[in-house]
Amino acid sequence: MDILIAILALAGAVLTLIGSLGLVLLPDTLTRLHAPTKTSTLGLACLLVASILHFWPTQPGLHELLITMFLFLTAPVSAHLLGRVAMRSQHGHDPKSAHAIPPSTQE
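A short tour of the structure in this document, coming up. (Residues numbered from 1 in each chain as written. Predicted model: local features only at pLDDT ≥ 70, side-chain atom pairs only at ≥ 80, totals over all residues. Heavy atoms only, no water.)

## Regarding a nonpolar patch on the surface
Step number 1: Taken together, the side chains of Leu 17, Leu 21, Leu 23, Val 24 and Leu 25 make up a nonpolar region of the molecular surface, amounting to roughly 520 Å² of accessible area.
Step number 2: Among the secondary structure elements, Leu 23 is positioned in helix H1 (residues 2-25). (Patch = residues over 30% accessible without salt bridge, like charges linked within 9 Å, V, L, I, M, F, W, Y side chains within 5 Å. Areas by Shrake-Rupley, 256 points an atom, 1.4 Å probe, with all protein chains shown as cover. Salt bridge = Lys/Arg side-chain N within 4 Å of Asp/Glu carboxyl O. Helix = DSSP H or I, 4+ residues; strand = E, 2+ residues; numbered from the N terminus.)

Take a look at the structure:
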């Protein structure tokens, strides 16, 4: 059980680190938005499952389950709204990126 907890904790930490690096290093707003919403969500889920397994004998994982539920309900909604704002305002837009909008379709 300890090996599984260690693997989950390490995977969660690595995924969260990858998401954070993607947030800092990717070129424009839309690609920067993609990295933390995917990898950090999965990384936090791994860390919370590791916490549930570690503390299971002494306390049930109710807090961790509530955090997971809140995360999976709010992360997609906030990512969607931030993406819409970025598309409409073109703030932080890198024209060389894969998400470049052709000039004929801009408002």
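## Quick word on the environment of Met 87
Step number 1: Residue placement: Met 87 occurs in helix H3 (residues 62-89).
Step number 2: Classification of Met 87 by relative accessible area gives partly exposed; the value is 39%.
Step number 3: The spatial distance from the C-alpha of Met 87 to the C-alpha of Leu 30 is 8.0 Å, given a sequence separation of 57 residues. (Buried < 20%, exposed > 50% of the residue type's maximum accessible area, 1.4 Å probe, protein only.)

## Side note on the environment of Thr 16
Step number 1: As for its placement among the helices and strands, Thr 16 is situated in helix H1.
Step number 2: Ignoring anything within four residues of it in the chain, the contact list for Thr 16 reads Thr 39, Ser 40, Gly 43, Leu 44 and Leu 47.
Step number 3: Among the polar contacts listed, one links the side chain of Thr 16 to the backbone oxygen of Gly 12, at a separation of 2.7 Å. (Contact = heavy atoms within 4.5 Å. Polar contact = N/O pair within 3.5 Å; in protein donor to acceptor, adjacent residues only side chain to side chain.)

## Observations regarding the environment of Thr 41
Step number 1: Of note, Thr 41 is situated in helix H2 (residues 29-55).
Step number 2: With relative accessibility at 10%, the residue Thr 41 sits in the buried group.
Step number 3: Taking the C-alpha atoms as reference, Thr 41 lies 9.1 Å from Gly 12; in sequence the two are 29 residues apart.

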